[in-house]
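Structural features, examined
One-letter residues, chain by chain:
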Amino acid sequence: MVTSPAASRRSSWAGRNYTLLTAAAIITNLGGHGALIAAAFAVLDAGGDGGDVGLVAAARTLPLVLFLLIGGAVADRLPRHRVMVAANSLNCVSQAAFAVVVLAGDPQLWQMLLLAALGGTGQAFFGPASEGMLLSSVSGEQAGRAFALYRMAMQGAGLGGAALGGLMVAMIGPGWVLAVDAVAFAAAGALRAFLDVSHIPPRAPGGGLLADLRDGWREFTGRPWLWSIVAQFSVVVAVVGAAESVFGPLVAEDELGGAGPWGLALGAFGAGTVCGALLMTRWKPRRLLLAGTLCVFPLAAPSAALAVPLPVAGLAAVLFVSGVAIEVFGVSWMTAMHQEIPEEKLSRVAAYDWFGSIAMVPLATALAGPAEQAFGRSPSLWGCAVLVVVVTAAVLFVPDVRNLTRRTKEVAASQGPTAQGPTSPGPQGAGVQETVSLEKPSA
């Protein structure tokens with residue numbers, strides 16, 4: 001059999017599924033990052049205020065919280081690619097309808113709330129299936145590099161999507177940006193329909209959905225590094241999300257010149273994530289979670305920069321640094337999940353991870369407007385920055401977070417024949433662990 005030069009140069013982990021997942025993630029991130037900006041400015045253009053922007057953001061996140069655990073259990077029971085395609089279809093329809101009501105010229109708040117909620121429902125089923133599919137599609141000691149390259153492509157698309165989306169909102173309005181996002185979901189869903197799940201062993205008949213959820217919960221709570229960092233991110237993601245989705249557009253509208261400069265600033269964050277992912281293709285910190293957690297501290301800086309507020313150039317520089325930092329954490333987290341969680345439980349554990357990380361986002365975004373009225377915008381943003389620093393310092397007191405060690409062939413050999421090899425994601429072994437996130441950043 002003759003192998004093409006391109007195929008011979010391709011690494012063993014960069015197979016068909018990995019390529020399809022990466023291509024689809026690029027497409028959805030190009031559309032999705034612009035759509036987040038478009039949704040906020042659609043609310044403002046319709047006469048809404050900061051409270052309304054927060055309500056729409058909360059409407060998107062609330063069903064995500066409500067349905068995530070069910071989505072994780074479903075993704076471990078059904079073929080994951082089918083769950084992903086169905087979720088992409090729902091997102092396509094909801095964004096297309098959102099675009100129609102905005103382009104019609106008189107969008108009502110209840111319409112935007114309903115359509116945002118449908119989008120969040122789709123994401124609740126897509127997220128765990130996507131993460132489980134990606135984690136099961138790579139193997140070997142180069143898994144961390146594979147995740148870094150995947151995230152670099154995904155975040156690079158986010159960089160372009162945020163910058164282009166902000167400019168498009170300013171030039172042609174938010175409705176057309178939402179329409180582009182609907183098309184992106186359709187294209188990405190078509191690619192994901194061709195994913196191959198034959199390598200995933202058939203699931204043995206279980207005791208039902210509740211039994212699956214209990215099993216995932218035991219897997220989640222049995223690892224201190226896992227639940228403690230998820231608890232940390234329940235605060236971090238909430239306050240950073242409120243700063244970005246509510247306060248950021250308001251500061252941009254009042255101080256920075258509108259959607260265009262805000263899109264460029266978010267584009268700088270995307271550039272930072274690309275550089276951070278590129279760094280992680282070369283750097284393999286031995287203490288994965290210690291390095292990752294230290295890099296969460298810079299996530300306090302954007303809230304502080306908005307509180308001042310810094311000019312666009314300064315804000316962009318701060319967002320760039322925070323983008324680099326979050327990728328160091330994100331790649332480390334994905335690598336540990338890949339190494340330590342059994343393949344048949346990946347989506348359920350990912351669902352508990354996502355659920356804990358975003359559980360407080362609806363509350364934070366809904367309270368952002370009232371907090372601004374009660375305390376003022378700048379003090380509210382300083383409060384966001386302080387909370388990030390406090391909870392991140394607290395998680396460093398967990399021994400497993402400080403001492404978590406990257407598993408290599410040498411480490412596995414030193415543990416004897418019962419230790420799991422680096423190509424086999426499985427239960428936590430002998431204190432050796434490796435570890436995405438919004439997101440924590442999502443796939």
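Structural notes on the overall build of the chain
Secondary structure summary: the chain contains 18 helices and 0 strands in total. Residues classed as buried in the chain amount to 57% of the 443 residues present. Carbon and sulfur atoms form 68% of the exposed surface of the chain, whose accessible area is close to 17,100 Å².

Overview of the pattern of salt bridges
What the rule picks out here adds up to 6 salt bridges. Close ionic contact of Arg151 with Glu327 constitutes a salt bridge, the shortest N to O distance being 2.8 Å. Of the two residues, Arg151 sits in helix H6 (residues 143–172) while Glu327 sits in helix H13 (residues 312–340), which places them 176 residues apart along the sequence. Relative accessible area serves as the criterion here: at 0%, Glu327 is assigned to the buried category. The salt bridge partner of Asp254 is Arg377, with a shortest N-O separation of 3.0 Å. A residue pair is termed long-range when its members are at least 10 positions apart, and Asp254 in helix H9 (residues 224–256) and Arg377 in helix H16 (residues 377–395) qualify at 123 residues. Through salt bridges with shared partners, one network takes in Asp215, Arg218 and Arg348.

Concerning a nonpolar patch on the surface
Nonpolar side chains collect at one region of the surface, where Leu62, Leu66, Phe67, Ile70 and Leu209 lie side by side and expose about 410 Å² of accessible area between them. If one sorts the elements of the nonpolar patch by residue count, helix H3 (residues 50–77) sits on top with 4 residues. With respect to the helices and strands, the residue Phe67 is situated in helix H3.

Overview of the packing of helix H2 (residues 16–45) against H6
In contact at an axis separation of 7 Å, H2 and H6 are set at 30° when each is read in the N-to-C sense. If you check the angle between H2 and H6, you find them roughly parallel. Classified by chirality, the crossing of H6 by H2 is right-handed. Its residues placed into classes, the contact of H2 with H6 shows 16 nonpolar, 9 polar and no charged.

Description of the packing of aromatic side chains
Evaluation of the coordinates by the stated rule reveals 7 aromatic pairs. Their ring planes at 25° and their centres at 5.8 Å tell us that Phe220 and Tyr352 sit as a pair that is stacked. Remark: Tyr352 occurs in helix H14 (residues 346–358) and Phe220 occurs in helix H8 (residues 209–221); sequence separation between them is 132 residues. Taken together, Trp225, Phe233, Phe329 and Trp333 form an aromatic cluster joined through their ring pairs.

A few points about the confidence of the model for the chain
Averaged over every residue, the pLDDT of the chain is 79; residues scoring 70 or more account for 86%. A low-confidence stretch, residues 1–10 (pLDDT under 50), is modelled with 2 contacts involving residues beyond four sequence positions or located in other chains. For the stretch residues 410–443, pLDDT sits under 50, and the model shows 113 contacts to residues farther than four places along the chain or on other chains.

Some points on H3
Relative to the 40 Å expected for 28 residues at 1.5 Å per residue, H3 spans 41 Å between its end C-alpha atoms, a close match to the ideal helical length. Residue Phe67 marks the point of greatest curvature in H3, where the axis turns by about 50°.

Considerations on H9
A maximum bend of about 40° is found in H9 at Phe247, where proline Pro249 lies one to four positions downstream. Gly257 lies just past H9 and shows a positive phi near 110°.

Remarks on unusual backbone geometry
Residue Pro309 is bonded to the preceding Val308 through a cis peptide linkage, with omega at -15°. Within the secondary structure layout, Pro309 lies in the loop between helix H12 (301–307) and H13.

Some remarks on the environment of Ala305
Its place among the elements puts Ala305 in helix H12. Sequence separation between Ala305 and Leu315 is 10 residues; the distance between their C-alpha atoms is 6.0 Å. Those residues in contact with Ala305, other than ones at most four positions away along the chain, are Leu310, Leu315 and Val318.

Reading the values: the criteria
- Residues numbered from 1 in each chain as written.
- Predicted model: local features only at pLDDT ≥ 70, side-chain atom pairs only at ≥ 80, totals over all residues.
- Heavy atoms only, no water.
- Helix = DSSP H or I, 4+ residues; strand = E, 2+ residues; numbered from the N terminus.
- Buried < 20%, exposed > 50% of the residue type's maximum accessible area, 1.4 Å probe, protein only.
- Areas by Shrake-Rupley, 256 points an atom, 1.4 Å probe, with all protein chains shown as cover.
- Salt bridge = Lys/Arg side-chain N within 4 Å of Asp/Glu carboxyl O.
- Patch = residues over 30% accessible without salt bridge, like charges linked within 9 Å, V, L, I, M, F, W, Y side chains within 5 Å.
- Axes fitted to C-alpha atoms, helices over the stretch in contact; angles between N-to-C directions.
- Parallel < 35°, antiparallel > 145°, perpendicular 65-115°, else oblique.
- Left-handed = near helix turned anticlockwise from the far one by under 90°.
- Nonpolar A, V, L, I, M, F, W, Y, C, P; charged D, E, K, R; others polar.
- Phe/Tyr/Trp six-rings, centres within 6.5 Å; stacked < 30°, edge-to-face > 60°.
- pLDDT = per-residue confidence, 0-100.
- Contact = heavy atoms within 4.5 Å.
- Expected span 1.5 Å × (residues − 1).
- Bend = angle between axes of the 7 residues up to and from the residue.

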